[in-house]
Amino acid sequence: MENILYKSTRGLQGSFTASQAIIQGLAKDGGLFVPDRIPDIKGDLHLIKNLSYKEMAYFVMSKFLTDFTEAELKECIDKAYGNKFDTTEIAPLKKVGDTYFLELFHGPTLAFKDMALSILPYLMKTAAKKEKLESEIVILTATSGDTGKAALEGFSEVPGVKIIVFFPEEGVSEIQKMQMRTHKGSNTYVVGINGNFDDAQTGVKEVFADKEFEKKLLESKYVFSSANSINIGRLVPQVVYYFHAYAELFRSGEIAWGDKINVTVPTGNFGNILAAYYAKNMGLPIDKLICASNSNKVLFDFLSSGKYDRNRDFFTTISPSMDILISSNLERLLYELAHGDSSKINELMTDLKTEGNYELSKDMGNGLLDFIGGYTDEVETKEAISKVFKDYKYLMDTHTAVAYSVYKDNKAGNRKNVIISTASPYKFTASVMRAIDSKYNELDDFKLLKEMGKLLGSSVPAQIKDIETADIVHKGVCDKCEIKATVEKILFP
Ligand SMILES: *Cc1c(COP(=O)(O)O)cnc(C)c1O
């Protein structure tokens, strides 16, 4: 098999190995790393029928990370998808009513970010060794709530790595905030910002692009990398579970081999659904990619009009991990739609930066036909949680509920549909419980953890059961314009 190399979406000269791309995170010209072609597995698809999750991870990831040896990659996979997950299936597929939920929240932090962030630290360590990197890696992360804790969990006490997380102080759930603020780990730093996720992500990207700062870092033997889905090492492990879902549907007799399915993905930064797009283009029989948004429906508008416009009100919703108006990974899709013409990407990204919007040419717009956009408001989201619980005794978290509502409104043909279930309901306790019964309005998140346990006849997940009384280790808060200064204080005290 031929090697896959990585290039920047914005035309930076040169090609990079997967290891180099993973270590750098973001390309030096501000672009995202993309594979020089999407590996084609059509001829080998039958090989996945009976693979376990780990075997599937090797099948898929080895196609992208061609500079990793078999032994290296298998060791990373073994370490990542072991007993840190609370089920040996890793990603169970549950049939509920006329659809299927792919539960991606059985990892250490109860959200789908664990699927990739359990393995990214191992990939990065292996890459650093291959590249003979002597500098210390500083993982700079902006989070809408779930990436932060998952990255802290993954990179804690990894030698040669420091991790700094910025999150919107008022834009995450109580449980999410406590998960991050109480995280122990001598190489971890967590700071709330007075601003939203877009402010955090933009601030972090600016630090990445700061040439002078980079020089100062190099002199002190530091290099920045990213744990956000802008890192290709985050994206590749996410392609795996679409293959896994397909094989599971086949193994349980729900589809015949080769049948096309639809997937519905609750979307924010466009990483998860982009992984589905890669899976489809590798040759997995997926028909429609249904992109579900909450009231921040910038992607719905884009998919229906070809015009991206972030100039609009920002809403803080009960699905905070999707409260995003600048979806970074869309840039990777645009690169595919432009057939790798980076001058087009530069034009669009300049428009986005200066005007806050851009519009696709007709040519590029045609490529969006694989996608269906949908959105739901808060009321519909709560109704979906309540109805599905009443009808099926299945409790969805708020993000999954957005996807479920959008699926119900957009049944594309009669295809089987998989809803990507991105978080445990325990992570968004108050919003979920109050959607079921207003009698819970009086109780806070921590009291409601126990109530949810009673309702489900199960115990509160070990991952968060002592969170209310854990010591707050990280107290920092900064303004959105102080991100660079804060990083500087941490690295050069
Ligand atoms: C991150 C996240 C999303 C959005 O995923 P993207 O890859 O950013 O589109 C949806 N739901 C939950 C629970 C998340 O943590």
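Before going into details, it helps to say that this report is about the structure given with it. Quick caveat: nothing in here was measured; it's all calculated off a predicted structure.

**Considerations on the packing of aromatic side chains**
For step 1, the next point in the chain: Applying the stated rule across the entire model yields 20 aromatic pairs.
For step 2, the next point in the chain: Judged by centre distance (4.9 Å) and plane angle (75°), the rings of Phe250 and Trp257 are edge-to-face.
For step 3, the next point in the chain: With relative accessibility at 25%, the residue Phe250 sits in the partly exposed group.
For step 4, the next point in the chain: Three or more aromatic residues joined by ring pairs form one cluster here, namely Phe101, Tyr394, Tyr404 and Tyr407.

**Structural notes on the pattern of salt bridges**
For step 1, the next point in the chain: Enumeration according to the criterion identifies 26 salt bridges in this entry.
For step 2, the next point in the chain: In this structure, Lys130 engages Glu72 in a salt bridge whose closest nitrogen and oxygen atoms are separated by 2.7 Å. On the criterion of sequence distance, the pair formed by Lys130 in helix α5 (residues 120-130) and Glu72 in helix α3 (residues 70-80) is long-range, its members being 58 residues apart.
For step 3, the next point in the chain: Exposure remark for Lys130: the relative accessible area of 26% places this residue in the partly exposed category.
For step 4, the next point in the chain: Salt-bridge contacts for Glu169 lead to Arg181; the nearest nitrogen and oxygen are separated by 2.6 Å.

**A few points about the nonpolar core**
Taken as a class, soluble globular proteins show a tendency for nonpolar side chains to be buried jointly.
For step 1, the next point in the chain: If you look at the biggest cluster of nonpolar residues, it comprises 115 residues, and the most contacted ones within it are Leu65, Phe155, Tyr242, Phe243, Tyr358 and Val418.
For step 2, the next point in the chain: The biggest single contributor to this core is helix α10 (residues 232-251), with 12 residues.
For step 3, the next point in the chain: Setting aside residues no more than four positions away along its own chain, Val418 makes contact with Leu93, Tyr100, Leu102, Ala245, Leu249, Ile261, Asn262, Val263 and Thr264.
For step 4, the next point in the chain: The next biggest cluster of nonpolar side chains, apart from the first, holds 39 residues, and it includes Leu110, Ile290, Tyr407 and Ala435.

**A look at helix α7 (residues 174-181)**
For step 1, the next point in the chain: The buried fraction of α7 is high, at 7 of 8 residues.
For step 2, the next point in the chain: Residues of α7 that are buried: Ile175, Gln176, Lys177, Met178, Gln179, Met180 and Arg181.
For step 3, the next point in the chain: The secondary structure elements touched by the buried residues of α7 are α6 (146-155), β6 (161-168), β7 (188-194), α18 (429-436), α19 (445-456) and β15 (477-479).

**Some remarks on the sheet that holds β15**
Note: strands within a sheet are paired through backbone hydrogen bonds, in either parallel or antiparallel orientation.
For step 1, the next point in the chain: Spatially, the 5 strands line up as an open sheet ordered β8-β5-β6-β7-β15, and their pairing is parallel. Pairing within the sheet leaves two strands with one partner each, and these edge strands are β8 (222-225) and β15. Neighbour-to-neighbour, the strand axes of this sheet turn through a mean angle of 30°, independent of strand direction.
For step 2, the next point in the chain: The pairing of β6 with β7 spans 6 bridges and is parallel. By the bridge assignment, Ile164 is partnered in β7 with Tyr189.
For step 3, the next point in the chain: Together, β5 (136-142), β6 and β7 form the strand contacts of α6, whose direction differs from that of β6 by roughly 165°.

**Things to note about the environment of Glu488**
For step 1, the next point in the chain: If you trace the backbone, Glu488 turns up in helix α20 (residues 483-491).
For step 2, the next point in the chain: Taking relative accessible area as the criterion, Glu488 reaches 24% and is therefore assigned partly exposed.
For step 3, the next point in the chain: Measuring from C-alpha to C-alpha, the distance between Glu488 and Pro92 comes to 42 Å, with 396 residues separating the pair along the chain.
For step 4, the next point in the chain: Apart from the residues within four sequence positions on either side, Glu488 is in contact with Phe213, Lys216 and Pro493.

**Looking at unusual backbone geometry**
For step 1, the next point in the chain: Its identity is not glycine, yet Lys132 carries a phi of approximately 50°, on the positive side.
For step 2, the next point in the chain: Here Lys132 shows up in the loop between α5 and β5.
For step 3, the next point in the chain: Not every positive phi belongs to a glycine, and Lys221 is a case in point at roughly 60°.
For step 4, the next point in the chain: One can find Lys221 in the loop between α9 (211-219) and β8.

**What about the site of the ligand?**
For step 1, the next point in the chain: If you check the shell around the ligand, you find 15 residues, and the closest are Lys113, Asp146, Gly268, Asn269 and Asn272.
For step 2, the next point in the chain: Separating an oxygen atom of the ligand from a backbone N or O atom of Asn269 is a distance of 2.8 Å.
For step 3, the next point in the chain: The contact in question runs from an oxygen atom of the ligand to an N or O atom on the backbone of Asn272, over 2.9 Å.
For step 4, the next point in the chain: Relative to its unbound accessible surface of 380 Å², the ligand loses 98% to contact with the protein.
For step 5, the next point in the chain: Broken down by class, the residue content of the shell around the ligand amounts to 5 nonpolar, 8 polar and 2 charged.

**Regarding the pairing of strand β9 (residues 261-266)**
For step 1, the next point in the chain: Of all 6 residues in β9, 6 are buried, a share of seventy percent or more.
For step 2, the next point in the chain: By the alternation rule, side chains of β9 split into Ile261, Val263 and Val265 and Asn262, Thr264 and Pro266, which are all buried.
For step 3, the next point in the chain: Relative to strand β10 (residues 286-293), β9 runs parallel, the two sharing 5 bridges. Counterpart to Thr264 in the pairing with β10 is Ile290.
For step 4, the next point in the chain: Crossover handedness for the path β9 to helix α11 (residues 271-282) to β10: right-handed.
For step 5, the next point in the chain: The pairing of β9 with strand β14 (residues 416-421) spans 4 bridges and is parallel. Considered in β14, the bridge of Asn262 is made with Asn417.

Criteria and cut-off values
Residues numbered from 1 in each chain as written. Predicted model: local features only at pLDDT ≥ 70, side-chain atom pairs only at ≥ 80, totals over all residues. Heavy atoms only, no water. Phe/Tyr/Trp six-rings, centres within 6.5 Å; stacked < 30°, edge-to-face > 60°. Buried < 20%, exposed > 50% of the residue type's maximum accessible area, 1.4 Å probe, protein only. Salt bridge = Lys/Arg side-chain N within 4 Å of Asp/Glu carboxyl O. Helix = DSSP H or I, 4+ residues; strand = E, 2+ residues; numbered from the N terminus. Core = buried A, V, L, I, M, F, W, Y, C linked by side-chain atoms within 4.5 Å. Contact = heavy atoms within 4.5 Å. Pairing = 2+ DSSP bridges. Axes fitted to C-alpha atoms, helices over the stretch in contact; angles between N-to-C directions. Near = heavy atom within 4 Å. Polar contact = N/O pair within 3.5 Å; in protein donor to acceptor, adjacent residues only side chain to side chain. Areas by Shrake-Rupley, 256 points an atom, 1.4 Å probe, with all protein chains shown as cover. Nonpolar A, V, L, I, M, F, W, Y, C, P; charged D, E, K, R; others polar. Right-handed = clockwise from strand over helix to strand, strands pointing away.

Remember that the coordinates give geometry; whether it matters functionally is a separate question.
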